[in-house]
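# Structural characterization, general
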Amino acid sequence: MSTATPTFSGGAPTPGAVASAAWSRVRTWRPGLVLAGLVLLFFVVAAAVPSLLASGSPTDIDLRGALRAPSLEHLLGTDQNGRDLYTRVVYGARESLLIGLGATALSTSIAVVLGVSAGLAGGIADAIINRFLEVLFSFPVLLLALLFVTVFGASATTQIVAVGIGTAPGYARLIRGQVIAVRDSGYVEAAGALGHSYARIVRRHVLPNAMRPLVVVVTLGVGQAIVWASGLAFLGLGVAPPSPEWGALLDAGKNYVQKAWWLEVMPGLAIVAFALSVTTLGRALQARLEGGTER
Amino acid sequence: MPSPLSPTASAPLTARLAAAAAALITALVLTACGGSGSTTNASATDDAAAKPTRGGTIEYAHQQEPPCISGGWVEQAYISRQVFDSLVSQVGKGRIVPWIATKWKVSKDQLTWTFDLKPGVKFSDGDALDAEAVKANFDYWLDPKTINGTVAAYIGEYYDSSRAVDATTFQLKLKKPYSPLLSALSQGYFGLHSPSSLKQPADVQCVKPVGSGPFVIEKWNRGQNVEFVRNPTYNSAPQNAKNQGPAYVDRLNWKFVKEPATRWGSLTTGQNQVIYDIPSVDWQEAKAEYQVEKYTTPGRPQTLSLNVTKAPFDDIRVRKALAYALDRKAAVENAFGEAADFNGNPALSKSTPNYDASLENAYTYDPDKANALLDQAGWSTKNADGIRTKGGRPLKAVIDYGAGSIINADGATLLQTLQEQAKQVGFEIELKPLTLTQLFGGQFSTPTSYDARPGYWTSPTAGVLYIVWRQNLKDRPNGNNTSFYNDPGLERTIGEANSTLDPQEQQALYSKAQKRISDQAAAIGLYTRTSSLAIDRSKLRDVWLESSQGEPVFSDAWLVKP
């Protein structure tokens, strides 16, 4: 996944001190970050109180007004049942975000348990957990998810579990590596030499230091989980209609892609905007936490 | 930073999952659905003046890939028709013409049918298609170990025995008269296999059934296509085929393209010369630019079965209220356009012989009536969401459906319209899409697992009523009775109709049965199951849909520039 952080290179304004001052202000403002924040705010409000942003109901049908192109009356057009697409995108935010956050929370929980156990225990336990992770790794996320949905049926819960389990091994490995690095570090050794108990060392030193990179990865993961979940829904394996979950909107729109482009493009843009915003903020967070400057 | 996600290579496992799902269906195909048809505008006499050319490959995009090439599902009949010949063929609404059987006669008591067979016909593996071979097929279909559920659904209760009188005379004995027999026999499920191939294991027959038809299966690439080659010695076309000899083309490439937009695109870009099931949004363009064949499938149309054994639909007033609450005609027109028609009669599709048109408007959209009925039924208070309640419980029903298999994308649009219309009278509907595995796995098909379910049963005869509405009894279960509606009187009426010879009396009995089903609102009529082909006439001519259930026929077809 790429980042939306704007890069300013070449062609930068050179003539005059005014321009240069403005330029440095822009740099400190970081408009990309501000924009990402606004987009995120919009979707968080949409998820929390959708009626603030859209007045109608996402399931109100109007057969005479079906498949209308975007206009002032219908900002994003209408679908095959004459439902207002803007309203549906707004109301779809809650389920989409819940699936993204839920899947990430699940995968992180699994990953923390497995990664920390493997890293701390070492030896046979580490080897067993590692092999287990490798087995999980050998199943591409999408296939694991397909298997899940085929057996358990399509629902938001299945999507959360499928994507959550599918993405857990990556996080688990990351945590295990961090735990090992911290465990073998000088300051942990020093703490041990000072006579601190094992539990205290783990609690005070190992866990906080090992988890820090996870914060960034998880932020990035939310966007990615939404993309995965939308992918599943696009294949018809998402939540049941008439839910306006974004992936489900994509799925319903694909048959009209030649005659009513907005049904496919608009929900797609919502997914892209959200995923990019989360990623942008994740990168900024990463830069802050690592203490370096943002690229 | 390492990505927590590994790159995926999804195709092979997807295919395997599909195959696994397919394997699960195999068992069920026995009870899935039969089929039949009558055509609205298909013509076998397309290019009377043009002279067919020889050679080339037909590129055809179909929608649904069945779990096996032959079997009891209409999707299997479509494809196995290319390989098999049957005893008889059907023209229009119920006219039967010779195929492998050149002549037939029935005894006075209607119990003994004698068929004269075309001499000199051979299966593509060299076996002779004689009376013994026909008998071997009937024995195989009805043997409990190798039963074909659809064949059994039609003739199981009527069949007594069969015998080969001589090489070209086949005799069928029935236990009681069955007037729809010839119509039933014209469907692809009754396609004749070579006796040697019937001795092969089921997995071999699944992939490469052997018949005497115009094409021979060369290879089935699961998830992609079936490659057929021409049977060069074909000499047994049905009487209603234009070409009585071997097929004009060398090969037929039968592809499976499930996505409607992709299938349509494959026609407009020239990748395929003919596609199945024109998407509703593309009908106008199809009619302007291509030759369109539309076939309204007879039998049970797409109807919503209401589970009468369980609340809320155990109350007839609630069933009727739902029927009145839904503006089905407007909803069907919006969702399908020309791709399918509204069919208000819940028992038979409008193209079925003996269909009763008077039931078409039995429940015209009338929300006031719906509200009154629900009030009477005790659902008279409403909760905060505007949903009716009784004793604190909301009025709610779950409709589950085979998404992408039994109900296509347009059908899903329709269900959402109906859901919203029901809400207007305070009736909450929850939609629950099922995967094929779930649908055919069985645990979702018990009397307690759903409130309502849409479905069809294609058939060229009103005799399908017996298949769908026969009682579901412990010692004689009927999985096709998806309303779980047991009515001894209804079963008797249909049985009498099936055994009656007088056309007027038969019509009266079949009408009585349809009226009973409609009056009881045991099911709600939705739309006709419709087959369509869009054909690029600049490349391909003389493709048609046959009349028993709309099986595509390619033995007459020829390429403009092979």
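Quick look at the overall build of chain B now. Scanning chain B from N- to C-terminus turns up 17 helices and 25 strands. The C-alpha atoms of chain B give 24 Å as radius of gyration, which agrees with the globular expectation for 562 residues (24 Å, within 12%). Considering only C-alpha atoms, chain B reaches an extent of 75 × 75 × 50 Å along its principal axes. Within chain B, the proportion of its 562 residues that are buried is 61%. A fraction of 72% describes how many contacts in chain B between residues 6 or more apart in sequence connect residues 24 or more apart. Just so you have it, chain B exposes about 20,300 Å², and 53% of that area is on carbon and sulfur atoms.

When the parts of a complex come together, some accessible area is lost, and that lost area is often taken as the interface size. The interface of chain A with chain B comprises 38 residues on the first partner and 36 residues on the second. Surface buried jointly by chain A and chain B totals about 3,200 Å² across both partners, of which 62% is contributed by carbon and sulfur atoms. The three residues of chain A that bury the most area against chain B are Leu143, Pro241 and Asn255 of chain A, which together make up 18% of that side's buried surface. Where chain A packs against chain B, one counts three salt bridges. Residue Glu259 of chain B is joined to Lys254 of chain A by a salt bridge in which the shortest nitrogen-to-oxygen separation is 3.3 Å. At the boundary of chain A with chain B, the tally comes to 10 residue pairs in polar contact (both at pLDDT 80 or more). At the level of elements, helix 5 (141-152), helix 6 (156-183), helix 8 (198-237) and helix 10 (262-290) of chain A are the ones that each hand at least two residues to the side of chain A that touches chain B.

All names here are of chain B. The strand order across the open sheet built from three strands is 14-15-16, with neighbouring strands paired in antiparallel fashion. On the outer flanks of this sheet lie strand 14 (381-382) and strand 16 (393-394), each paired with one strand and no other. Note: strand 15 (residues 388-390) against strand 16, two bridges, orientation antiparallel. Paired with Thr389 across the strands is Pro394, a residue of strand 16.

All names here are of chain B. Here strand 10 (residues 251-256) lies mainly inside the structure; five of its six residues are buried. Note that strand 9 (residues 225-230) and strand 10 share five bridges and pair antiparallel. Residue Val226 lies in a different strand from strand 10, and its bridge partner there is Trp254.

Below, the discussion takes up the nonpolar core. Ranked by internal contacts, the top residues of the largest apolar core, which has 101 residues, are Leu87, Phe138, Ile155, Trp254 and Trp469 of chain B. Among the nonpolar cores identified, the runner-up in size contains 52 residues, and Val292, Ala331, Ala339 and Ala377 of chain B belong to it.

Let us look at the confidence of the model for chain B. Residues and elements named next belong to chain B. Across chain B, pLDDT averages 91, with 91% of residues at or above 70. Low pLDDT, under 50, characterises residues 1-46; the predicted model gives this stretch 127 contacts beyond four residues in sequence or across chains. ipTM for the predicted complex: 0.81, alongside a pTM of 0.85.

Residues and elements named next belong to chain B. In terms of domain boundaries, chain B breaks down into domain 1 (14-295 + 531-559) and domain 2 (299-528). Just the C-alpha atoms count here: the centres of domain 1 and domain 2 sit 30 Å apart. The partner domain 2 presents 35 residues to the 41 residues of domain 1 that form the contact. When domain 1 packs against domain 2, close to 3,000 Å² is buried across both sides, 54% of that on carbon and sulfur atoms. Three residues stand out in domain 1 for area buried against domain 2, namely Lys93, Glu157 and Ser280, and they jointly supply 15% of the buried area on that side. The interface formed by domain 1 and domain 2 includes four salt bridges. For Lys294, the salt bridge is made with Asp341, and the minimal N-O distance between the two is 3.7 Å. Viewed at the interface, domain 2 and domain 1 are joined by 14 residue pairs in polar contact (both at pLDDT 80 or more). Among the secondary structure elements, those contributing two or more residues to the side of domain 1 that touches domain 2 are helix 1 (11-29), helix 4 (149-155) and helix 9 (283-289). Ranked by residues supplied to the side of domain 1 that touches domain 2, first place goes to helix 1 with four residues.

On to the side chain of Arg541 of chain B. Residue position: Arg541 of chain B is located in strand 22 (residues 540-541). By relative accessible area, which is 18% here, Arg541 of chain B ends up buried.

Here we take up the packing of aromatic side chains. The final tally for this structure, using the stated rule, is 27 aromatic pairs over all chains. Aromatic side chains Trp261 of chain A and Trp262 of chain A sit 5.7 Å apart centroid to centroid with 85 degrees between the ring planes, which places their arrangement in the edge-to-face category. Since its relative accessible area comes to 5%, Trp262 of chain A is described here as buried. Plain terms: the ring middles of Tyr78 of chain B and Tyr276 of chain B are 5.6 Å apart, the flat faces sit at 55 degrees to each other, and that makes the pair tilted. Placement of Tyr78 of chain B in helix 2 (residues 74-80) and of Tyr276 of chain B in strand 11 (residues 274-276) is noted, with a sequence separation of 198 residues between them. Looking at Tyr78 of chain B, the relative accessible area reads 0%, which means it is buried.

Mean pLDDT over chain A works out to 86, with 88% of the residues at or above the 70 mark. Within the model, the stretch residues 1-13 of chain A combines pLDDT values under 50 with 17 contacts to residues more than four positions away or in other chains.

Residues and elements named next belong to chain B. Inspection of every chain in the model, using the stated rule, returns one disulfide over all chains. Note on cysteine connectivity: Cys68 is disulfide-linked to Cys206, with sulfurs 2.1 Å apart. Residues Cys68 and Cys206 are joined through a disulfide that is left-handed, its torsion about the S-S bond being -100 degrees. Taken together, the residues span a long stretch of sequence, with Cys68 in the loop between strand 1 (57-62) and helix 2 and Cys206 in helix 7 (residues 202-207) at a distance of 138 residues. Its relative accessible area of 9% is what places Cys68 among the buried residues.

Okay, helix 2 (residues 31-48) of chain A next. Residue and element names in this part refer to chain A. If you check helix 2, its first and last C-alpha atoms are 25 Å apart, about what 18 residues at 1.5 Å a residue would give, namely 26 Å. Those residues of helix 2 not exposed but buried are Gly32, Ala36, Leu40, Phe43, Ala46 and Ala47. Viewed along the axis of helix 2, the buried residues span an arc of 120 degrees, placing them on a single side of the element. Projecting away from the buried face of helix 2 at angles above 90 degrees are the exposed residues Leu38, Leu41 and Ala48. Next to the buried residues of helix 2 lie helix 3 (85-121), helix 9 (246-253) and helix 10.

Conventions adopted
Think of each chain on its own: its residues are numbered from 1, step by step along the sequence as written. Chain letters start at A and ligand numbers start at 1, both assigned in the order the entries are written. The model is predicted, so local features are restricted to residues of pLDDT at least 70 and side-chain atom pairs to those at 80 or more, both for listing and for counting; the totals for chains, interfaces and linings are taken over all residues. Side-chain metrics in this entry use all non-hydrogen atoms of the structure; hydrogen atoms and water are not considered. Each helix is a run of DSSP H or I of at least 4 residues and each strand a run of E of at least 2, with the numbering of both proceeding from the N terminus. Just to be clear, the radius of gyration here is over C-alpha atoms, and the globule rule we use is 2.2 Å times residues to the power 0.38. Categorising residues by exposure relies on relative accessible area from a 1.4 Å probe, with only protein chains included: less than 20% of the type maximum marks a residue as buried, more than 50% marks it as exposed, and the intermediate range marks it as partly exposed. The contact definition used throughout considers only heavy atoms, calling two residues in contact when any of these lie within 4.5 Å. Each accessible area is a Shrake-Rupley estimate made with a 1.4 Å probe; only the visible protein chains count as cover when residues are assessed. Summed over both partners, the accessible area lost on bringing two parts together, with a 1.4 Å probe, is the buried area. Any carboxyl oxygen of Asp or Glu within 4 Å of a side-chain nitrogen of Lys or Arg constitutes a salt bridge here. A 3.5 Å cut-off defines polar contacts: any pair of N or O atoms within that distance qualifies, except that in protein one atom must be a possible hydrogen donor and the other a possible acceptor, and neighbouring residues in sequence count only when both atoms are side-chain atoms. Here, any two strands with at least 2 DSSP bridges between them count as paired. The set of buried Ala, Val, Leu, Ile, Met, Phe, Trp, Tyr and Cys residues whose side-chain atoms join them within 4.5 Å is what this entry labels a nonpolar core. The predictor attaches a confidence to each residue, and that confidence, scored 0 to 100, is pLDDT. Domain extents, as shown, originate in an automatic or database domain assignment. Each pair of aromatic rings taken from Phe, Tyr and Trp, with Trp reduced to its six-membered ring, is defined by centres within 6.5 Å and is described as stacked if the planes are under 30 degrees apart, edge-to-face if over 60, and tilted in the remaining cases. Our working definition of a disulfide is a cysteine sulfur pair at a distance within 2.5 Å. For a helix, the expected span equals 1.5 Å multiplied by the residue count minus one. Working definition: the arc comes from the directions between the helix axis and the C-beta atoms, pointing outward to the latter.

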